Amino acid sequence: MPSAELINLVPYLVPTTGGLAILILGIWPKRVSIRLLSTATLFFLLLGAAATLLWQVPGTVGSMLVIDDLSRVFTLFFMLGSAAIVMLSFGHAPIRNELQEEYLSLILFATLGMALLVSSNNLISAFLGLEILAVPLYALIAWQPIRYGAIEGGIKYAVLAGFATAFFLYGVALVYASSGTLDLTELNTVAGDESLLPVAITLILVGVGFKVALVPFHMWAPDIYQAAPSPITALFASFSKAATIVFLIRLLCLQLPQIWEALLPLLWGLALISMVVGNLLALNQQNLKRLLAYSSIAHLGYILVGLAAGTAQGRDAAIYYAVTLAIMNLGAFAVIVALTRREQDRENLADYRGLGRRYPMLGLAMGIYLLALAGLPPTAGFMAKLLAFGAAVEAGNMMLAIVAVLNTALAFFYYLRVMMEFYSEQETSLNTIPPTQGTLIVIIIAIVLIIGLGIFPQWLLGSLQLP
């Protein structure tokens, strides 16, 4: 393998080596403290981020991985995002005493899966990335067996992820049957069965739909959000979904534009039902985690509004939206971690009553995240909706844009309801421990990014030089 390709592999080797090293340190005869293990995990993630930023150059690794602006930006994003998850985990009182080497190594392996997925130039490497990402999540969801619904949630996610994998692999098989290749670069140039390829990509889209919880494949999401510890919920509500969306964008928009055009009516329909169903089901939710789960489903519909435009503007809007949604969800769950009780998460909205008044910094942060999710300026949430809906209007999808705007207005109701609970004059029982410095750092950085990307979207869009 040429030296350039070996250097490009370093960001993928670092979390792999880190995951194995953390496991070895954990079983060392003279037991290493969990604080030291957490610090070592952060070191590997930051090292992977530095390698991505400083050493990777445009090119390929064999025919399996492609190194370009899209893969580098998101690999860096996932490395830093996983570091935030480690800090939130160490600051999360219900699981702090249960952190072990396996937990930290699973986060590193999940990060590897996300990095492989966004860099895949072959459907086999994409499958490996999906599975390396999904398998650690099975265990992390059920990390606290005594937690209500934890085992059920882990099993449910494993079973439904198995269904998603079956659809994905069947689509991959049909791609090979129609074209004789699984290399995404070659699919555009190989003469094959033109009628079979759209069916194959549709099956892959179904598999991806299960992974990100698009309607009608969304049934698992609220239960898993509720069952998992809050830091893990933040992981798969933000970064794992962003990785899957970016893979879909690479597959359709960059590698198979003719299939993208053929699937526009399907994307249009998925966007419509995801927005409507997600927002309607969120309206009456009394559990904050379940509310955020249905909210994420609606936001995925907004992302598809951009993709359904079928233009480069819509593609860029979807990429921008995926990043901002991940940051907004991360920030919201960071506040949930900061306000957790000693023994368990606060889940019902009534459990947060008056805490915005008692803890002004955390109340302000949650208000910013909720207003960003609702789409108010000058936040990144507003800019994401503006770009996605603008792309729809430019492409002539006026009806879809109108429905998206109406759904945005509908979403204000339940986001404001959460804020009203936070700033209620009544106050729930406290039993809250002070948030750790790591949790506060994550909250502050998320606020800076949400406001910064809202005012200067070119921070992200300018770093992506896509065809």
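Higher on the page you've got the structure.
Residues numbered from 1 in each chain as written. Predicted model: local features only at pLDDT ≥ 70, side-chain atom pairs only at ≥ 80, totals over all residues. Heavy atoms only, no water.

(A) Structural view of the nonpolar core. Within the largest apolar cluster, 167 residues are counted, with the highest numbers of intra-cluster contacts made by Ile201 and Ile204. Examining the composition of this core, we find that 18 residues originate from one element, helix α15 (residues 312–338), more than from any other. If near-sequence neighbours (up to four positions away) are discounted, Ile204 is found in contact with Leu123, Phe167, Phe168, Gly171, Val172, Val175, Phe247 and Leu251. With eight residues, the next largest nonpolar core counts Ile67, Leu112, Ala115 and Leu116 among its residues. (Core = buried A, V, L, I, M, F, W, Y, C linked by side-chain atoms within 4.5 Å. Buried < 20%, exposed > 50% of the residue type's maximum accessible area, 1.4 Å probe, protein only. Helix = DSSP H or I, 4+ residues; strand = E, 2+ residues; numbered from the N terminus. Contact = heavy atoms within 4.5 Å.)

(B) Representation of the pattern of salt bridges in the model. One pass over the full model with this rule turns up seven salt bridges. Of the charged contacts, one joins Glu131 and Lys211 as a salt bridge, the two residues approaching to 4.0 Å between their closest N and O atoms. Taken together, the residues span a long stretch of sequence, with Glu131 in helix α6 (residues 123–141) and Lys211 in helix α9 (residues 196–212) at a distance of 80 residues. Among the charged side chains, a network of salt bridges with common partners joins Glu152, Lys156, Asp223 and Arg290. (Salt bridge = Lys/Arg side-chain N within 4 Å of Asp/Glu carboxyl O.)

(C) Quick peek at the layout of surface pockets. For the largest pocket, the calculated volume is near 610 Å³. Looking at the largest pocket, it is lined by 23 residues, and the ones nearest its centre are Phe77, Leu80, Ile327, Ile445 and Leu449. Mapped by element, the contributors of at least two residues to the lining of the largest pocket are α2 (34–54), α3 (69–90), α15, α20 (437–455) and α21 (458–461). Ranked by the residues each element gives to the lining of the largest pocket, the list is headed by α3, at eight residues. Residues belonging to the lining of the largest pocket are distributed by class as follows: 21 nonpolar, two polar and no charged. Taken together, Gln144, Ile146, Arg147, Tyr148, Gln226, Arg341, Glu343, Gln344, Asp345, Glu347 and Asp351 make up the full set of residues lining the second largest pocket. (1 Å grid on protein atoms, 1.4 Å probe; cavity = no way out; pocket = protein on both sides within 12 Å on 5 of 7 lines; lining within 4 Å. Points joined across faces, edges and corners; volume = space filled by probe spheres on them. Nonpolar A, V, L, I, M, F, W, Y, C, P; charged D, E, K, R; others polar.)

(D) Spatial organisation of the environment of Leu187. Take Leu187: it is sitting in helix α8 (residues 184–187). Distance from Leu187 to Asn122, taken between C-alpha atoms, is 9.9 Å for residues 65 residues apart in sequence.

(E) Spotlight on helix α5 (residues 101–119). Over its 19 residues, α5 runs 27 Å from end to end, which matches the ideal 27 Å to within 8%, given 1.5 Å per residue. Along α5, 18 of the 19 residues are buried, which leaves the element largely enclosed by surrounding structure. (Expected span 1.5 Å × (residues − 1).)

(F) Summary view of the packing of α3 against α5. Following both chains from N to C, one finds α3 and α5 inclined at 160°, their axes separated by 9 Å at the closest point. Judged by the angle between their axes, α3 and α5 are roughly antiparallel. The hand of the α3/α5 crossing is right-handed. Residue-level inspection shows Ser71, Phe74, Thr75, Phe78, Met79, Ser82, Ile85, Val86 and Ser89 of α3 in contact with α5, the latter providing Tyr103, Leu104, Ile107, Thr111, Met114, Ala115, Val118 and Ser119. Among the residues forming the contact of α3 with α5, the class breakdown is eleven nonpolar, six polar and no charged. (Axes fitted to C-alpha atoms, helices over the stretch in contact; angles between N-to-C directions. Parallel < 35°, antiparallel > 145°, perpendicular 65-115°, else oblique. Left-handed = near helix turned anticlockwise from the far one by under 90°.)

(G) Spotlight on the packing of aromatic side chains. By the definition in use, this model includes 19 aromatic pairs. With a centroid separation of 5.3 Å and an interplanar angle of 70°, the aromatic rings of Phe77 and Phe239 are classed as edge-to-face. Residue Phe77 is located in helix α3, and its partner Phe239 is located in helix α11 (residues 230–255); the two are separated by 162 residues in the primary sequence. Seen in terms of ring centroids, Tyr302 and Phe389 are 5.8 Å apart; in terms of plane orientation they differ by 75°. Their pairing is edge-to-face. In this pair, Tyr302 sits in helix α14 (residues 288–307) while Phe389 sits in helix α18 (residues 380–394), placing the two residues 87 residues apart along the sequence. By relative accessible area, which is 2% here, Tyr302 ends up buried. Phe389 sits in the buried class, given a relative accessible area of 10%. Chaining the aromatic ring pairs together yields one cluster made of Tyr138, Tyr157, Trp220, Tyr225, Phe236 and Phe333. (Phe/Tyr/Trp six-rings, centres within 6.5 Å; stacked < 30°, edge-to-face > 60°.)

(H) Summary view of empty space enclosed by the protein. One pass over the full model with this rule turns up three cavities of 30 Å³ or more. Roughly 80 Å³ of volume is contained in the largest cavity. Around the largest cavity sit Leu130, Leu133, Ala134, Leu137, Tyr157, Lys211, Trp220, Phe236, Ser240, Lys241 and Thr244, which together line it. For the lining of the largest cavity, the secondary structure elements donating two or more residues are α6 and α11. For the lining of the largest cavity, the class distribution of residues is seven nonpolar, two polar and two charged. Here the second largest cavity is characterised by a volume of approximately 70 Å³. In terms of lining residues, the second largest cavity is bounded by Val208, Val212, Leu214, Ile245, Leu248, Leu300, Ile303, Leu304 and Leu307. If you list the elements that add at least two residues to the lining of the second largest cavity, you get α9, α11 and α14. Counting residues per element, the lining of the second largest cavity draws most heavily on α14, at four residues.

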